[in-house]
Each structure stands twice: as C-alpha cells, then as structure tokens.
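Remarks on the overall topology
Given next are the chains, with one letter for each unit.
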Amino acid sequence: MMASLLDSLVSRMASFSASDHASVVSLNLFVALLCACIVLGHLLEENRWMNESITALLIGLATGVVILLISNGKSSHLLVFSEDLFFIYLLPPIIFNAGFQVKKKQFFRNFVTIMLFGAIGTVISCTVITLGVTQFFKKLDIGTFDLGDYLAIGAIFAATDSVCTLQVLNQDETPLLYSLVFGEGVVNDATSVVIFNAIQSFDLTHLNHEAAFQLLGNFFYLFILSTLLGVATGLISAYCIKKLYFGRHSTDREVALMMLMAYLSYMLAELFDLSGILTVFFCGIVMSHYTWHNVTESSRITTKHTFATLSFLAETFIFLYVGMDALDIDKWRSVSDSPGTSVAVSSILIGLLMLGRAAFVFPLSFLSNLGKKNQSEKIDFKMQVVIWWSGLMRGAVSMALAYNKFTRAGKTDLRGNAIMITSTITVCLFSTVVFGMLTKPLIRFLLPHQKATTSFLSDGNNTPKSIQIPLIDQDSFIEFAGNPNVPRPDSIRGFLTRPTRTVHYYWRQFDDSFMRPVFGGRGFVPFVPGSPTERDPPPTDLSRA
C-alpha cells in the first residue's frame, strides 16, 4: 500500500517536472523571439515596406512552421492563446500608454470628430458587415448561424488595428491626421468590445424597439461610467502622490503607485462590467496631466520610458503570437474538406470591412468639415483616404473576440465555428501583411513632407512626450487679445462661432482655479523640500508678458 502511494507520488512529480521543464523551454524560446523581433525591427526601420508589426507577424509565422515540422504536424504553439492573457495582461499597458503619451490638446480639439469616427462610425461599420454576412453566408454551406452570431461577426470585424499606420505617421508633421487615426483607434476598440458584450448579454430572440433603445442606453451607460471611473482613479492617484509626496523617501514607491493605480483602474472596470479600455485610457490622460507632474524628475523619466516599453513589448508579443497561432493545425484540419468555402468567407469579410469602412469615413468627414471654418482644420480627401486605409487592418482584438465567440478553451468542434476562426486568422494576416506593407508607400505618396503648423504645437519639456501640451494649452487663446475681429471665447457669440475654443477657455479657467490647486500639476504643486517644484520655475503670468 505504502509502496504504491510512493510510486504514484514519484510518477506525478516526474510528470510535473517534465511539464515545468517544457514551460521553461517555451518561455525561453518566446523571449528569444521577442529579442529577435526587436533587433530585426531596428534593422528594417528604414525599409519602405516593413514595420515592427509585420516583422513580428512574419517571425511568428516562420516559428510556427518550424514547430510544425519538429512536432510532425501536431502543434505550432509555444504558448496556448488565452483571452484572459490578452484582455487582462497585454491590452491594459497598450491602451494606458496611448492615453499617457497622447497629445491632449489635439485629442480634445478633435474630440467630436474622433467620437464620430470611433463610436458612430463603428456602429455603421458593424451594421454594414452584419447585413452583408447575413445575405452572403446564408448562400454558403458553413453551418447554422442566428441573429446573435451575425451581429457578433459584425462587432468582431468592426474592431480595427491602426498600429501599422501610427508607426508610419509622425504626429509632429501631421498632428490633425495622427490625432484622428489614434483617437478613433482607441474609441473603436472600446466601442467594438462594448457592442460585442452587449450582444452576448441580450436576448435577441425578441428584438423590438424597446430592446433596441435599451441596447443604446446600455452603451451610453458603459461609456459614461467607464470614463468617469478612469478620471476618478487618475485624480485619486494625483491627490495621494501630491499630499503624501513619496519622493521624499523613495522614488520607487511613487513609480510603483502610478503603475498599480493605472492597472487598478482597468481591473475595477472589469469588476463592475464596464469598458476597461475606456477607463484605462482616460486614466492615462488624467495621470499625465496631474499625477506625472507631482513626482520627482527621476520618476518622470522612469515612468515615461517604463510605460512606453511595456506597451511596445505587449504589442510585439501579440503580433508574434498571432503569427504562430495562424498555423494551428487543429483549426485548419476542421475546414480541410472545404478550402474553397473558407477562402470565399475570408474574401467576403475583407470586401465587407472595406465597404463598411468607406460607408462612414467619407460621409462623416463631410459632416465634420461642415462645422469647421478654418481650412487647416478640415479633413481633405487625401487625409480621408489615409483614415479609411488605416482602419482596414484587423488584429488582436478581432482575434480575441472571435475566440470568445466561436471556441471553448481555444478549441472548436463545430465546422461553422472552425470556418469563422480560420477566416478571422486569414483576414488578420492578409490585412496586416498586405495592407500594412502598402501603408508606408501610400502615406508617402499622398502626404509628402507635410509639416506641422505652429498653432498646434509649442516648445517645452513638461509632458511625457517632452512637448508642452497640457490638457488645454495655456497659449491657446493669445490670438484673441490681438485680434478684435475674433469673438471673445467667454461670450455667447464666441461660443456660437468657435464652440471648441470657448469650451477650452472655460475648462482652462476651471482647471487653474479648482483642479490644479487640489490635484497638482505643472505650476500648482505646493513647495516641499526636494519636491519637483523646488527646481521648477514659477508659472509665467501671460497677462504681464
């Protein structure tokens, strides 16, 4: 009896040891591949066709082929794809860094247009794709799908991945275009996930006007509460660091608190079934406006590079894994008897996402231009083409949502579900590699050597990007003082003729009078020996300049 127990214990320990060893080997190889992606990305920096995303994707594909050959066609993985890995660990640093590094003046100046593209545009794109797949898929023998499945497909392929375009665009040379592409990408991801989750939680068998309004109300509820949660978390971190001033004893504590509060905002959103993407994005904006200025100079440098590095590694990890997962033999084996159907589904989806993209970019750009009198603020046709093109790529968000809908624990036994998974992989690969490789030549052809205008930027060194752009620029309204023909921003006529600048004016007054004295920020942190303000010059009084 005792001997048999010992034998079973030893055998289990041996199996655990073998499993641990395999995990260590996989992690070592994956880290080595990440290093290879960084090195090759650096060497191909000036290449006309390649960028880091495509490099990581192709390395993942090549690695998958090698693993398939070594394992005799049994597996192409080093790690098993997990939605939790993506949504809980990889996505938060990417979205937070986007908010932390964003040029806030440009983002909020174009906030209405960004919301048009990111929210309304995503709904239009989702609708077009849903209507298209409903008509075409019924004619193909791919299985039985209901209305919820078609709506989910629309949400899955409405999620864009503008990383390739953002790697080519320069936000100093094309500030308006970069702001629109960047802002739309973040709002698009959040909107797609919110729509997908709403579809999953709603009973679509009894769809009526009341249910439609309830779905719309649920969307606005998630959007507003998620934004408020992100802002609240950012303000709490700013207040704590300003009042306690950890830098007196240890800069490590204030850096750690910033990182943990940023991640806490995302996890709180997930806990309360809100949109973690929107929450962590606006938390990043608030932290860069208040919290970042309350820490020591060394902590500012550390946080700026730490957040950027984590975001870069997460993006590279995602593209590397998507490349390897594309060769998962189990998924392709399920559709091996009908390769023509899989190709037809992928082609239909690519055509629909291009059509869905065009259905809102050009009409909404026209509407946006109607409300802008300044020619430099309008979206010309070449910029509209770049915005349309930037949203043709599909990436990790589409992959993760497709896995959530059509697999169980990463596996699927139904033929229709397998076709949707392989088609999603095909669309992501084709769009990222083909459209991504054409992005740099297209932008260089359409926008040759555009330079930023001085009205958008000013010099300085007080934001994470080392560019002086606070939430609302202190110099934004100097033009009003010297031009009697321009309505004052604090007048009714000024609001009717220049609403964006008027809102900015009132926000600046409120921020300077109430927010910064409480939560800190540049020029409003109380003097503490050894604090950042000990070395900072006093704020300039513009009225005396």
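Residues numbered from 1 in each chain as written. Predicted model: local features only at pLDDT ≥ 70, side-chain atom pairs only at ≥ 80, totals over all residues. Heavy atoms only, no water.

For the chain, an unreviewed UniProt entry supplies the name Sodium/hydrogen exchanger 1 and the organism Raphanus sativus. In UniProt, the chain has this text filed under Subcellular location (unreviewed entry): "Membrane". (UniProt positions renumbered as here; feature names shortened; annotations may be inferred.)

Observations concerning the pattern of salt bridges
This structure, assessed with the given rule, holds 4 salt bridges. Salt-bridge contacts for Arg-357 lead to Glu-184; the nearest nitrogen and oxygen are separated by 2.6 Å. Here Glu-184 lies in helix H8 (residues 175–201) and Arg-357 lies in helix H14 (residues 339–370), a separation of 173 residues in the sequence. Take Arg-357 and Glu-184: they sit in the same class, and that class is buried. We note a salt bridge from Arg-300 to Glu-297, for which the minimum N-O separation is 3.6 Å. Highlighted residues: Arg-300 and Glu-297, both in helix H12 (residues 297–325), separated by 3 residues, approximately one helical turn. Judged by its relative accessible area of 7%, Arg-300 is buried. (Salt bridge = Lys/Arg side-chain N within 4 Å of Asp/Glu carboxyl O. Helix = DSSP H or I, 4+ residues; strand = E, 2+ residues; numbered from the N terminus. Buried < 20%, exposed > 50% of the residue type's maximum accessible area, 1.4 Å probe, protein only.)

Considering the confidence of the model for the chain
On average, residues of the chain score 78 in pLDDT, and 78% of them reach the 70 mark or higher. Model confidence for the chain, summarised as mean pLDDT per element, is weakest for helix H18 (residues 478–482) at 42 and strongest for helix H10 (residues 251–271) at 93. In this model residues 537–545 is a low-confidence stretch, pLDDT under 50, and it forms 3 contacts with partners more than four residues away in sequence or in other chains. (pLDDT = per-residue confidence, 0-100. Contact = heavy atoms within 4.5 Å.)

Re unusual backbone geometry
Positive phi values are uncommon outside glycine, yet Tyr-245 reaches one of about 45 degrees. Counting through the fold element by element, Tyr-245 comes out in the loop between helix H9 (209–244) and H10. Phi angles above zero are rare outside glycine, and Asp-273 is one such case at about 60 degrees. Counting through the fold element by element, Asp-273 comes out in the loop between H10 and helix H11 (276–289).

Considering the packing of H8 against H11
Interaxial distance between H8 and H11 falls to 8 Å at its minimum, and their mutual angle equals 145 degrees. Across the interface between the two elements, Phe-182, Val-186, Asp-189, Ala-190 and Val-193 of H8 pack against Ile-277, Leu-278 and Phe-281 of H11. Here the contact of H8 with H11 is composed, by residue class, of 7 nonpolar, no polar and 1 charged. (Axes fitted to C-alpha atoms, helices over the stretch in contact; angles between N-to-C directions. Nonpolar A, V, L, I, M, F, W, Y, C, P; charged D, E, K, R; others polar.)

Looking at a nonpolar patch on the surface
Residues Phe-213, Leu-216, Phe-220, Tyr-221, Ile-224, Leu-225 and Leu-228 make up a contiguous nonpolar surface patch of about 720 Å² in total accessible area. Along the chain, Phe-220 turns up in helix H9. By relative accessible area, which is 45% here, Phe-220 ends up partly exposed. (Patch = residues over 30% accessible without salt bridge, like charges linked within 9 Å, V, L, I, M, F, W, Y side chains within 5 Å. Areas by Shrake-Rupley, 256 points an atom, 1.4 Å probe, with all protein chains shown as cover.)

Let's talk about the packing of aromatic side chains
Counted according to the given criterion, the structure contains 22 aromatic pairs. Taking 6.2 Å as the distance between ring centres and 50 degrees as the angle between the ring planes, the aromatic pair formed by Phe-182 and Phe-281 counts as tilted. Here the residue Phe-182 occupies a position in helix H8, and Phe-281 occupies one in helix H11, the gap between them amounting to 99 residues. We classify Phe-182 as buried; its relative accessible area is 9%. Residue Phe-281 is classed as buried on the basis of its relative accessible area of 1%. The structure contains a cluster of three or more aromatic residues connected by ring pairs, namely Phe-107, Phe-108, Phe-111, Tyr-178, Phe-182, Phe-281 and Phe-282. Its end group placed over the ring of Trp-292, Arg-300 keeps NZ or CZ at 5.6 Å from the ring centre. (Phe/Tyr/Trp six-rings, centres within 6.5 Å; stacked < 30°, edge-to-face > 60°. Lys NZ or Arg CZ within 6 Å of the ring centre and 35° of its normal.)

What about the state of the cysteines?
Within the structure shown, the criterion is met by 0 disulfides. Lacking any disulfide linkage, Cys-37 is separated from the closest cysteine sulfur, that of Cys-35, by 9.2 Å. A relative accessible area of 4% places Cys-37 in the buried class. (Disulfide = S-S within 2.5 Å.)

Comments concerning the side chain of Ser-192
Tracing the chain through its elements places Ser-192 in helix H8. Judged by relative accessible area, which is 1%, Ser-192 ranks as buried. The residues contacting Ser-192, other than those within four sequence positions of it, are Thr-122, Ala-155, Ala-158 and Ala-159.

A word on H11
Between its first and last C-alpha atoms H11 spans 20 Å; for 14 residues at 1.5 Å apiece the expected length is 20 Å, and the two agree. Burial of H11 is extensive: 14 of the 14 residues sit out of reach of the surface. (Expected span 1.5 Å × (residues − 1).)

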